[in-house]
Amino acid sequence: MRVSPRRNPLPSPLSLMPDKTIFKKIIDREVPAKIVYEDDLCMAFEDIHPRAPTHLIVIPKKEIVSVDDVEPEDEALIGHLFTAMRKIAAQLSLSGGYRVITNCGRDAGQEVMHIHFHLLAGRKFTWPPG
Ligand code: 5GP
């Protein structure tokens, strides 16, 4: 029996997928980055536009959009990111201190919709931030 082609075929599931964020592309090794730390759950790499002598982006490999999207089941993962940041700070001898920032949403200036922490060091930081 011949099957006639559908007049209005459904779009393929791939065409319905939203574009990957730049950070997901870094996780998937589709975009290069200077990775300074990686484990099963997270990675840290140098920010492409550093705002301090040390400026790292620390991300979970799980795709979570922002702080606003963290669920109770993510609590251990978010804690893991902080343990990773402590290890990175020790590895880079950031003994003078460092700042950890996350921007959540438009008014905070979040550009990349994959939750991330900026780890900044190597200069004095002012308070309050701009
Ligand atoms: P947000 O404003 O979302 O908190 O910060 C996003 C950060 O990602 C910015 O500091 C920006 O410089 C950094 N960034 C954007 N695109 C890339 C990229 O392709 N590679 C790297 N390494 N960092 C990026």
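One can find the structure itself at the top, above this paragraph.
Residue positions are given per chain, counting from 1 as you read along its sequence in written order. At least 70 in pLDDT is required for a residue's local features to be given in this predicted model, at least 80 for side-chain atom pairs to be given and counted, and no such filter applies to totals for whole chains, interfaces and linings, which use all residues.

Visitor: So what's going on with the overall build of the protein chain? Which residues, and what values?
Guide: Scanning the protein chain for helices and strands turns up three helices and five strands. A run of H or I in DSSP counts as a helix once it spans at least four residues, and a run of E counts as a strand once it spans at least two, with each numbered from the N terminus. Each helix and strand of the protein chain, placed in order from N terminus to C terminus, yields the pattern α-α-β-β-β-α-β-β. Counting across all 130 residues of the protein chain, residues that qualify as buried make up 18%. Here the analysis covers contacts within the protein chain between residues at least 6 apart in sequence; of these, 55% occur between residues at least 24 apart. Working definition of burial: number of other C-beta atoms within 10 Å of the residue's own, with buried at 20 or more, exposed at 12 or fewer, and partly exposed in between, all C-beta atoms being placed from the backbone. Here, residues touch in the contact sense if the C-beta positions derived from the backbone fall within 7 Å of one another.

Visitor: Could you give an account of the sheet that holds strand β1 (residues 35–38), naming the residues involved and the relevant values?
Guide: With antiparallel pairing, the five strands of this open sheet are ordered in space as β1-β2-β3-β5-β4. Bordering the open sheet on either side are β1 and β4 (99–101), each of which pairs with just one other strand. In this sheet, neighbouring strand axes are inclined to one another by 20° on average, regardless of whether the strands run parallel or antiparallel. When DSSP finds two or more bridges between two strands, those strands count as paired. Bridge count between β1 and strand β2 (residues 42–46): three bridges; the pairing is antiparallel. Bridging across to β2, Ile-35 finds its partner in Phe-45. Think of each axis as a best-fit line through the C-alpha atoms, taken over the contacting stretch in the case of a helix, with angles from 0 to 180 degrees between the N-to-C directions. Sheet strands touched by helix α3 (residues 75–91): β1, β2, β3 (54–60), β4 and β5 (117–121). Its angle to β3, the strand with the most contacts, is close to 150°.

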